[in-house]
Amino acid sequence: MYSHGSESLIKQAREIQESELQKFYNRLGKLLQGKELSHETIDSLQRLLLILSATKYTRVLPPELQKRFISLLSSPAEQLQVLSSAVLRETLPPSGQEVNYNQENISQLNTHAASLLLSQAGSRPDLTSLCAQLLRGLEGRQSEGSAHSLTHTLPIINTILMHSPESLTEDHVTLLSKKFVDWLRYASITQGGGASSGGFFTGPRSRQPVPIAELDGTVSGDFFTVLCVGQGFTDDQWMNVYSFSLLRHWLLTYHSVSNGNSTSDTAHRLQLSLSLSHSHSFSNDDRSEVDGSVVSMVSATSSSSRLLPPKERLREKAFQYCQRLIEQSDRKANKRIDTDLQKACLVEAVCILDCVCEEDASLVFRTFPCIKALFGRLSSDLSYARVLLPIAQFYLHHGETAAVDCESVWSLVFGRLPAELFNDHFLAHELLRFLRLNLESLQLRVPQYTRSFPNLLKFLAWDSPATVDDFVDLLPSLVTTGTAVELLHTLLDLPCLSATLVLQLRSACLPISDTAGRPLLSLDAFRSTSYRGLFLFLLRGEAGSGDTIDRLSTLHELLAEAADWPRVIHCAQTVPVLLHIFFNTATKVADDKLLAHLILVILERSGLLLNMPKYIQEIHRVFSSHLLRLCKLHPSLVVDQSHELLEFSGATANVYSKEEVYTHVVWVLGEYLSVSCDSRCSVRLITSCFETLEAVLFEITSSAPPPGAVCPAPRVITTLMSALAKLASRSHDLIPRVSLFFSKLKTATRGGSVPWCTNEEDLVAIVTRGEELWSLLKAPGVAQSVLTPPSHITTPQWHRDTNVAMPLQLRALTSLTHSQ
């Protein structure tokens, strides 16, 4: 894992003696006392970090050295901040030496000190105390020195809210809600950074405040938002940006704060309340509206909004802020990067409006006209696809409340987006995440969802490794009685779909040739009108146009060269996993008619797969296991589908090309073609099955395999022999025929090797199995009990059955072993 040099350094760090360590502490302390920190100091700090982190136990630094490291947290050099924070994380501070920030030195807070503070807060009272200290730092007018700390204070509070929301009290929520209102709605509307109007005599005194501008360059006539631009920003404008970035998480989680008044935080809350009373933050006369804040004349808030409780007032201001962002996004930005910013802000604005409407349903009717207009403006431009998903989320949550038609939204989400943007990795992640988060609602309210699986599976066909986890969760919801058969065919054709998507993108470019310079035949076929229908069916956007393709073998021939494409190979590797999920779900939702149809698909498609040997082998293994499961759960299916099963088992070619499936079909026929499983099973049906299997067994054991094929597997032969013996035990007239075959088989193998089995050990095993079955059939009654035992024999419960002697024996033994 580590290089030899690294292992040597780690070993030295672990074996350092305490005396050497103390000398190193003293030398490092002297280095830190210097006014300028040299490279030697940096090197020593790195060595100390290695020593501390290489041991499994926590060391304690000398108090003076600990204080030095605490002071380095506020160093202007970020490298020193990083090293000091890492060292303090690895050490146990002496009592009273914890990193503690009060209202005086909160201005020195930075990212690394903040992370250290959170790591040292090991309990809820500690976090509550830390919140109180941080919130006191937000009070009053911010000076230039303390403005920098605000950018670190909000992320810390957000982290606490994420991991331990109960650490915040209702007072904290009230204060932060009011501060969010101030920062969001009442930031200054003039540019910061000393903007100048230009001129020869320009100087500090001649600089006039310049209003902020919109992204299209026009002067802003409304309040400041994250989409306003200027040559510089003031502190309150920066807090406006930070507040907007944290607003959605705040709205989602501030309901989880602590409502109790615990003893541990009473003192902190009392001190906080005293500091708040001096700044009048809890008074109805809000400081942000009476003390010099600039309020837009375009969207000035009515005085009644000031009478709302803090949470309701924050929702109102968040609503106004997002409405303004949506209006700003309609402006044409002068820079391309600002266009991307507009899209990102639109996503956040719609999500925040969704949160606000979830809390207050009365806002739905005020919000929907804006959202509907936004959807109408963006729906024709797929470059805004990632904005359309939050809009779809809004429609899903509030469409019924507003009684609006959502058909166009779902046609876009399940239609055009996956059909045209299947190769957009970010969209694929967000759309599939949207489906997973809203799975239950989509199943109940959106009928287009289950019919859209041909489109949704394009994400999987294009990028299987990245999306397979999503479809493992989504696939069960797509399996219904109406979609199961078509979905099964679609899953089996996923490698073909993957190849077709590649061809679709390539056909839009110049003619593509492979590395040898030869043209791609599959690309020519894709462009040909003769095969257009085959590829269009694979690229269909909705289910219901048919189960599968009539000319599947032709399609597989056209896509033969795609079998070694990496994208197709990755897609083929995911299909067996999805098939297991499909069949497990289908057995729960399907009726007997559908299950019978699925068996037909298994038999049909076992020979109609894209020519990829490993893929075919895995699919056959899945088919075999679930064929057994289906027949075990519903034995009557064997009689219902006896004609198709006999037709499949009677084809000798299947022995060589579909060994796995063929073996299990034969086993199913021998096991469940019985009166005990289905009263409709007649002697005629048993005889017909016997004759079919007998003909196949005789053919493969009397001649060499066809050219290009290997000898049949011993398991196939022994399974055929066992099936014949089982059928004969149920119809005794067939016993002489099977016994004659076993005797001939034994005679034929006495001369040595045979053309249908080249392995001597396998041949001995086959003959031994035939002798065992022959011996059993000499006693037909015993043979039936051994070959096809009743269920109460295979799954005994003698310890529960009072009609047998086992419970009596157990009770007797218990009474003898236990003392009275």
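Just above sits the structure.
As a starting point, this report considers the structure included with it. (Residues numbered from 1 in each chain as written. Predicted model: local features only at pLDDT ≥ 70, side-chain atom pairs only at ≥ 80, totals over all residues. Heavy atoms only, no water.)

1. Some details on the overall build of the protein
A count of helical and extended segments in the protein gives 41 helices and zero strands. Classification of the 820 residues of the protein by burial places 49% in the buried group. For the protein, the proportion of contacts with a sequence separation of at least 24, taken over those separated by at least 6, is 75%. As displayed, the protein offers around 40000 Å² of accessible surface, 54% of which is attributable to carbon and sulfur atoms. (Helix = DSSP H or I, 4+ residues; strand = E, 2+ residues; numbered from the N terminus. Buried < 20%, exposed > 50% of the residue type's maximum accessible area, 1.4 Å probe, protein only. Contact = heavy atoms within 4.5 Å. Areas by Shrake-Rupley, 256 points an atom, 1.4 Å probe, with all protein chains shown as cover.)

2. Describing the packing of helix H7 (residues 124–136) against helix H9 (residues 170–185)
Contact geometry of H7 with H9 gives a least axis separation of 11 Å together with a crossing angle of 30°. When the interaxial angle is binned, H7 and H9 end up roughly parallel. In this structure, H7 meets H9 at a crossing whose hand is left-handed. Along its contact with H7, which presents Thr-128, Cys-131, Ala-132 and Leu-135, the element H9 presents His-172, Leu-175 and Leu-176. Here the contact of H7 with H9 is composed, by residue class, of five nonpolar, two polar and no charged. (Axes fitted to C-alpha atoms, helices over the stretch in contact; angles between N-to-C directions. Parallel < 35°, antiparallel > 145°, perpendicular 65-115°, else oblique. Left-handed = near helix turned anticlockwise from the far one by under 90°. Nonpolar A, V, L, I, M, F, W, Y, C, P; charged D, E, K, R; others polar.)

3. Concerning the nonpolar core
The biggest cluster of nonpolar side chains holds 211 residues, and the ones touching the most others in it are Trp-410, Tyr-449, Leu-494 and Phe-582. Among all residues touching Trp-410, those that are not within four sequence positions of it are Ala-392, Leu-396, Gly-415, Phe-434, Leu-442, Val-446 and Gln-448. Counting residues in hydrophobic clusters, the runner-up holds 25 residues, among them Ile-51, Leu-52, Leu-73 and Leu-116. (Core = buried A, V, L, I, M, F, W, Y, C linked by side-chain atoms within 4.5 Å.)

4. Notes on the environment of Cys-681
Counting through the fold element by element, Cys-681 comes out in the loop between helix H34 (659–672) and helix H35 (683–700). Exposure remark for Cys-681: the relative accessible area of 5% places this residue in the buried category. In sequence terms Cys-681 and Asp-640 are 41 residues apart; their C-alpha atoms lie 9.8 Å from each other. For Cys-681, the residues in contact, after removing those within four places along its chain, are Val-639, Leu-673, Ser-674, Val-675 and Ile-686.

5. Considering the side chain of Ser-674
With respect to the helices and strands, Ser-674 occurs in the loop between H34 and H35. What makes Ser-674 buried here is its relative accessible area of 6%. Excluding its chain neighbours within four sequence positions, the residues that come into contact with Ser-674 are Cys-681 and Arg-730.

6. Observations regarding the packing of aromatic side chains
The description of two aromatic rings rests on the distance between their centres and on the angle between their planes. Taken as a whole, this structure holds 19 aromatic pairs when the rule is applied. Centre to centre, the rings of Phe-582 and Phe-583 are 5.3 Å apart; their planes meet at 80°, and the pair counts as edge-to-face. Taken as a pair, Phe-582 and Phe-583 share a single burial class, namely buried. Site record: aromatic cluster; members linked through ring pairs are Phe-180, Trp-183, Trp-250 and Tyr-254. Across from the ring centre of Phe-537, 4.1 Å away, lies the NZ or CZ of Arg-540, which sits over that ring. (Phe/Tyr/Trp six-rings, centres within 6.5 Å; stacked < 30°, edge-to-face > 60°. Lys NZ or Arg CZ within 6 Å of the ring centre and 35° of its normal.)

7. Digging into helix H10 (residues 235–253)
Across its 19 residues, H10 extends 26 Å between first and last C-alpha, which sits within 8% of the 27 Å expected from 1.5 Å per residue. Roughly 45° is the biggest bend found in H10, and it falls at Leu-246. Those residues of H10 lying buried are Gln-237, Met-239, Asn-240, Ser-243, Phe-244, Leu-246, Leu-247, Trp-250, Leu-251 and Thr-253. (Expected span 1.5 Å × (residues − 1). Bend = angle between axes of the 7 residues up to and from the residue.)

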